[in-house]
Amino acid sequence: YIVGSFACIGGGLFGLDISSMSGVLSNPAYLRVFNKPGSSAQGAITAAMPAGSLIGALFVTWLADRIGRKKTVILAGMIWVIGSILQCASVNRGMLVVGRIISGISVGFSSAVVPIYQSEITAPAIRGRIVSLQQWSITWGILIQYFIQFGCSYIDGVASFRIPWGLQMIPAIILSIGMTFFPESPRFLMDNDREEEALQILADLHGGGDKDNELVVLEFEEIKQQAGELPLNPYYIIYVFRGAGLTGTRGNLIADSVQYVLNVALTVPAIIYIDKWGRRPMLLAGTLLMGFWLSLVGGLQARFGHWGNVDGDRIWVVENNDPATKAIIVCSYFFVCSFAITMGPVSWTYPAELYSTKVRGKAVSLATATNWAFNTALAFAVPPGLASIAWKTYFIFATFNFAACIHIFFMYPETVGRTLEEVDEIFAQGHTFTAWAISREVGKKTVEDVQKVSLDEKVTA
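Here's what I pulled together on the structure shown here. (Residues numbered from 1 in each chain as written. Predicted model: local features only at pLDDT ≥ 70, side-chain atom pairs only at ≥ 80, totals over all residues. Heavy atoms only, no water.)

## Regarding the nonpolar core
Counting 41 residues, the largest nonpolar core has Phe14, Tyr117 and Met179 as the members making the most contacts within it. Membership of the second largest hydrophobic core comes to 34 residues, among which are Phe241, Val297, Tyr333 and Val336. (Core = buried A, V, L, I, M, F, W, Y, C linked by side-chain atoms within 4.5 Å. Buried < 20%, exposed > 50% of the residue type's maximum accessible area, 1.4 Å probe, protein only.)

Right, here's the structure in full:
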């Protein structure tokens, strides 16, 4: 638990960055220093971080297998500090964008490699719980940074946004220094012909130092054989609530902070029960619920909204309709709750469980890179989207969720309770388009089964 949990600080960096931007969108000092960015300019500034993350996640396809999971996490923390310094000191949009790109590269590293590291060092019975802590750390990063932003909003001048941007380097320093005291992934060591070291780490992590522990022997033998969507809301929640008719900087900040508290709180049940509920039910329920709430928000905006002028900006807004405003805000909160208890944790856990050791680093980093590619598109496109097609934007994202639900039903097998090596057996058996029919016992093995296979291979050889 300690080893897997500490690495989650890497996820916290992502959360810090999300609210480091969302918390300043209505800050007068920020708007003055950066010449009140329009929808396209603000989209580009926000998209700089996920664009950097895309680069970082792609680079990890090589780096994690070259220098190891542990050193990649350490490097991510060091790069984050550089990006934070540039953001804190930025005096124009260009400098801010460069700082966010560098910070994004760090997030790309950590978001790809931390789930791999966690999945490779934890026992099957608690793997989902440990890897889902990645999402919880993201929600804590968002919440902590947002309240720092809220507190600093009472400061007049540029310190109101520079202080929060500077403070976010502290967790990265702790991460880089702390990871030097933790072990490397035993699966990475095995893949690099360091069997004794890998066995000792497995024994220390899962067997209290006993190399003959049944789980340790099972995992070691299996490894030896084998060796042969952030949602729309966090980025632009201020725009969503402003369109609902909620105005005023601090009133908006307070309403926004509620969703971040809900995000933290509702992730806890998912962490506790993810290894009991399973991955498929959470993914299916999450996509259905999120699509439902987005459809409701879009419908309410379409029915009760109109083009208006708020703070000098032409936006689609609900005015003088308190029930509709409250309904939109509540639906937005329910959307966040639905994400937090389902898709949020599983989206980090599931990709790290699907691949064999030889390709896991590359495959997970590509999956993470895909996530960041869509985050970049989302961050860049949402402000112009809300400014042009308004309420229709919500139906676009609702459609993505409903399509994902269909895809998950037919294509995503259950992985809960299996070792990483046993998951391979599911795909070896086929099950194309029939993921819904796979029982939780498919692929499960005992020590005797694994040792028998090893003996048969030796006899054949």
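## Digging into a nonpolar patch on the surface
A contiguous nonpolar surface patch, about 620 Å² in accessible area, is contributed by Ile406, Phe409, Phe410, Met411, Phe433 and Trp436. Here Ile406 shows up in helix H18 (residues 392-411). The exposure class assigned to Ile406 is exposed, which follows from its relative accessible area of 55%. (Patch = residues over 30% accessible without salt bridge, like charges linked within 9 Å, V, L, I, M, F, W, Y side chains within 5 Å. Areas by Shrake-Rupley, 256 points an atom, 1.4 Å probe, with all protein chains shown as cover. Salt bridge = Lys/Arg side-chain N within 4 Å of Asp/Glu carboxyl O. Helix = DSSP H or I, 4+ residues; strand = E, 2+ residues; numbered from the N terminus.)

## A few points about the packing of helix H2 (residues 9-22) against helix H9 (residues 169-179)
H9 packs onto H2 with a crossing angle of 165 degrees between their chain directions and a minimal axis gap of 9 Å. In terms of orientation, H2 and H9 fall into the roughly antiparallel class. Two packed elements cross with a definite hand, and for H2 against H9 that hand is left-handed. In contact with Ile9, Gly10, Leu13 and Leu16 of H2, H9 contributes Pro171, Ala172, Ile174 and Leu175. Among the residues forming the contact of H2 with H9, the class breakdown is seven nonpolar, one polar and no charged. (Axes fitted to C-alpha atoms, helices over the stretch in contact; angles between N-to-C directions. Parallel < 35°, antiparallel > 145°, perpendicular 65-115°, else oblique. Left-handed = near helix turned anticlockwise from the far one by under 90°. Contact = heavy atoms within 4.5 Å. Nonpolar A, V, L, I, M, F, W, Y, C, P; charged D, E, K, R; others polar.)

## Details of the packing of aromatic side chains
In this structure the tally under the stated criterion is 22 aromatic pairs. When the ring of Trp136 is compared with that of Trp140, the centres are 6.0 Å apart and the planes differ by 70 degrees; the resulting orientation is edge-to-face. Taken together, the residues Trp136 and Trp140, both in helix H7 (residues 127-152) and four residues apart, mark about one turn of the helix. Under the relative-accessibility criterion, Trp136 is labelled partly exposed at 25%. Residue classification places Trp140 among the partly exposed positions, given a relative accessible area of 37%. Taking the ring centre of Trp307 as reference, the NZ or CZ of Arg314 above it sits at 4.2 Å. (Phe/Tyr/Trp six-rings, centres within 6.5 Å; stacked < 30°, edge-to-face > 60°. Lys NZ or Arg CZ within 6 Å of the ring centre and 35° of its normal.)

## A short note on the side chain of Glu414
Position of Glu414 among the secondary structure elements: in the loop between H18 and helix H19 (420-428). Setting aside anything within four residues of it in sequence, one finds Glu414 in contact with Gly278, Arg279, Arg280, Pro281, Ile426 and Arg440.

## Considerations on the side chain of Ser111
Looking at the element boundaries, Ser111 is found in helix H6 (residues 93-121). Residue classification places Ser111 among the buried positions, given a relative accessible area of 2%. Polar contacts involving the side chain of Ser111 include one to the main-chain carbonyl oxygen of Gly108, which spans 3.4 Å. Apart from the residues lying within four places of it in its own chain, the contact partners of Ser111 are Gln134, Trp348, Thr368 and Trp372. (Polar contact = N/O pair within 3.5 Å; in protein donor to acceptor, adjacent residues only side chain to side chain.)

## Here's the deal with the state of the cysteines
Linking two cysteines covalently via their sulfur atoms produces the bond known as a disulfide. Applying the stated criterion across every chain, the model contains zero disulfides. Cys88 supplies the cysteine sulfur nearest to Cys152, a cysteine that is in no disulfide, at a spacing of 11 Å. (Disulfide = S-S within 2.5 Å.)

## With respect to the pairing of strand E2 (residues 313-317)
Judged from the five bridges that link them, strand E1 (residues 306-310) and E2 form a sheet pairing that is antiparallel. In the sheet register, Asn309 faces E2, and the bridge partner there is Arg314. Taking the residues that link successive antiparallel strands as the turn, the E1-E2 hairpin has two residues, and the phi of Asp311 there is positive, at about 55 degrees. (Pairing = 2+ DSSP bridges.)

## Considering the packing of helix H15 (residues 279-304) against helix H16 (residues 322-349)
It is at 8 Å that the axes of H15 and H16 come closest, and there the two elements cross at 160 degrees. Compared by their axis directions, H15 and H16 come out roughly antiparallel. For the pair H15 and H16, the crossing hand works out as left-handed. When grouped by side-chain class, the residues that make up the contact of H15 with H16 number 20 nonpolar, seven polar and one charged.

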